[in-house]
There are 2 protein chains.
Amino acid sequence: MAFSPLIEQLISALRCLPGVGPKSAQRMAFHLLERDRTGGAQLADALSAAIENIGRCSSCRTLSESELCELCSDASRDRSLLCVLETPMDVLAVEQTGGFNGHYFVLGGHLSPIDGIGPADLAIDRLLTRIESGEVRELILATNPTVEGEATAHFIAAQIEDDNVKVTRIAHGVPVGGELEYVDGGTLAHALAGRRTLN
Amino acid sequence: MAFSPLIEQLISALRCLPGVGPKSAQRMAFHLLERDRTGGAQLADALSAAIENIGRCSSCRTLSESELCELCSDASRDRSLLCVLETPMDVLAVEQTGGFNGHYFVLGGHLSPIDGIGPADLAIDRLLTRIESGEVRELILATNPTVEGEATAHFIAAQIEDDNVKVTRIAHGVPVGGELEYVDGGTLAHALAGRRTLN
């Protein structure tokens, strides 16, 4: 049976959500149309507004709707500590441990020659420029504890020529092969506390 | 940590989807913003278009963007067979068995005195008017095999005074206490084939 074209379109559009297969998409579409049109309309508006207005923070490159994100504009945070992460989700994960009061820098991924992602595809240039400005005293490399994340961390560490900048890597308290986003706060806090020097 | 307001709004709007909790909503929001803005924009558009344009078929009351839905406008379908269902999802479930070539009528729910849903809240008046038109030879009551669905079926059967209309109920091949929407096609086809007379 074919649904009406707009319902079909909605069902197939819902499948862009992670973890949503054909049956869930169908259930979601009917739920929204039959039982929660207000919620559906709010979702459409929130989605349009977010996609239109959310860009990247000019300083740390996390997702933000303002030129400078909330964390970067917070004067009470320590500008001499810079924590390098792969994605904005990782910023949230570290923030939630409550154990870090420095600044963040989001690379936007990790080095992955197989997928054709080299240093130019990440924001490593901007990171180096920021370090050259002389403000940063410690660079904490908190890329994912995966092969690619480790490689990215070592690549960045090798680029830092300024001896006044201490380069550290979060400790292997985090499970190897996992993703930072899903690690519990206690483990992550532990990993931050046990960071070790690379250079 | 507070996200920027637009991200917060998007995360809370995503929670209107069935089966989506706070962690999934967060994952979906970041996925859309970081990796699939095109898909997100399409979803917002599809959702707005669906909510704005999809109403109910004037004949069977299923979800439809045209005055008369595709199934009701199909001249090859048998107008003397009318299958009464609770929701548009049930229309799909029965259609997918491929074993029914009549028309449908969607009640929009079931009788439920506890929730204050009486005959006036369902489209039972319209159903009776349609039966009075004299076209229908058999009325198949395919409400859910739940207590409320059974009660609704018996209530409707009691309203049919025309002896020329055969009133049937789908067989209890469907699991009692379940929901029609999730029954597999084979069981449902069996239930349709084994329907028994009520009046």
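Every residue gets a number counted from 1 within its own chain, in the order that chain's sequence is written. Whichever chain is written first becomes A and whichever ligand is written first becomes 1, with later ones labelled in order. Reporting of local features is limited, given that this is a predicted model, to residues whose pLDDT is at least 70; pairs of side-chain atoms are given and counted only at 80 or more, and all residues count toward the totals for whole chains, interfaces and linings. Each side-chain value is derived from all of the structure's non-hydrogen atoms; neither hydrogens nor water enter the calculation.

A. Broad picture of the nonpolar core. Residues L10, L14 and L17 of chain A together with L10, L14 and L17 of chain B are the most contacted members of the largest nonpolar core, which totals 52 residues. Listed by contribution, the elements that provide at least two residues to this core are α1 (5–14), α2 (22–35), α3 (37–53) and α5 (88–97) of chain A together with α1 (5–14), α2 (22–35), α3 (37–53) and α5 (88–97) of chain B. Only heavy atoms matter for contacts: two residues are in contact if any of them lie within 4.5 Å across the pair. Not counting chain neighbours up to four residues away, the residues in contact with L10 of chain A comprise A29 and L33 of chain A together with L43, A46, L47 and A50 of chain B. Joining through side-chain atoms within 4.5 Å is the link that ties buried Ala, Val, Leu, Ile, Met, Phe, Trp, Tyr and Cys residues into a set, and such a set is a nonpolar core. Exposure categories follow from relative accessible area, calculated using a 1.4 Å probe and restricted to protein chains: below 20% of the type maximum is buried, above 50% is exposed, and the middle band is partly exposed. Only runs of H or I of at least four residues qualify as helices and only runs of E of at least two qualify as strands under DSSP, and these elements are numbered from the N terminus.

B. Main features of the pairing of strand β4 (residues 102–106) of chain A. Residue and element names in this part refer to chain A. The buried fraction of β4 is high, at five of five residues. Being paired, for any two strands, means DSSP has found at least two bridges between them. Strand direction decides the pairing type here: strand β3 (residues 78–85) and β4, joined by five bridges, are parallel. Within the sheet, the bridge partner assigned to L85 lies in β4 and is V106. We call a crossover right-handed when, viewed with the strands running away from us, the connection from the first strand over the helix to the second turns clockwise. For the crossover that starts at β3, traverses α5 and ends in the parallel β4, the hand is right-handed.

C. Quick look at the interface of chain A and chain B. Each side of the interface is counted separately: chain A has 55 residues, and chain B has 55 residues. By buried area we mean the combined loss of accessible area, with a 1.4 Å probe, across both parts when two parts are placed together. Note on chain A versus chain B: buried area summed over both sides is about 5300 Å², and carbon and sulfur give 71% of it. When a carboxyl oxygen of Asp or Glu is within 4 Å of a side-chain nitrogen of Lys or Arg, the pair counts as a salt bridge. The tally of links between chain A and chain B comes to two salt bridges. A salt bridge links E34 of chain B to R56 of chain A; the nearest nitrogen and oxygen atoms lie 2.8 Å apart.

D. Geometry of the domain arrangement of chain A. When the domains of chain A are assigned, the result is domain 1 (5–53) and domain 2 (77–193). Just the C-alpha atoms count here: the centres of domain 1 of chain A and domain 2 of chain A sit 35 Å apart. Reported domain spans reflect what an automatic or database domain assignment gives.

E. Seen up close, a negative patch on the surface. Residue and element names in this part refer to chain B. Only residues above 30% relative accessible area that lack a salt bridge enter a patch, with like-charged residues linked at up to 9 Å and the nonpolar side chains Val, Leu, Ile, Met, Phe, Trp and Tyr linked at up to 5 Å. In short, Shrake-Rupley with a 1.4 Å probe defines the accessible areas, and a residue's cover is counted only from the protein chains shown. Positive residues here are Lys and Arg, negative ones are Asp and Glu, while His and the chain termini are left out of the count. Where a charge lies is defined by one atom per residue type, namely NZ (Lys), CZ (Arg), CG (Asp) and CD (Glu). Together, E132, E161, D162 and D163 make up a region of like negative charge exposed at the surface. Counting through the fold element by element, D162 comes out in the loop between α7 (147–159) and β6 (166–169). The partly exposed category is assigned to D162, whose relative accessible area is 31%.

F. Looking closely at the sheet that holds strand β7 (residues 196–197) of chain A. Residues and elements named next belong to chain A. Taken together, the five strands give an open sheet; going across it, the order is β4-β3-β5-β6-β7, and neighbouring strands pair in mixed fashion. Two strands close off the open sheet at either side, each with one partner strand: β4 and β7. The pairing of strand β5 (residues 138–141) with strand β6 (residues 166–169) spans four bridges and is classified as parallel. Considered in β6, the bridge of L139 is made with V167. The axes used here are C-alpha line fits, helices contributing only the stretch in contact, and every angle between their N-to-C directions lies in the interval 0 to 180 degrees. Against the sheet, helix α6 (residues 124–132) contacts β3, β4 and β5, and its axis sits at roughly 150° relative to β4.

G. Quick peek at the state of the cysteines. Cysteine sulfur pairs qualify as disulfides if the two atoms are within 2.5 Å. For the coordinates displayed, the defined rule picks out zero disulfides over all chains. The thiol of C16 of chain A is unpaired, and the distance to the nearest cysteine sulfur, on C16 of chain B, comes to 14 Å. In this structure C57 of chain B is a free cysteine whose sulfur lies 3.7 Å from that of C72 of chain B, the closest cysteine sulfur available. Classification of C57 of chain B as buried rests on a relative accessible area of 2%.

H. Focus on the packing of aromatic side chains. Residues and elements named next belong to chain B. Pairing of aromatic rings covers Phe, Tyr and the six-membered ring of Trp, with a centre-to-centre limit of 6.5 Å; geometry is then stacked below 30 degrees between planes, edge-to-face above 60, and tilted otherwise. Taken as a whole, this structure holds two aromatic pairs over all chains when the rule is applied. Where F100 meets Y104, the ring centres are 5.1 Å apart and the plane angle is 55°; that geometry is what we call tilted. Under the relative-accessibility criterion, Y104 is labelled buried at 2%.

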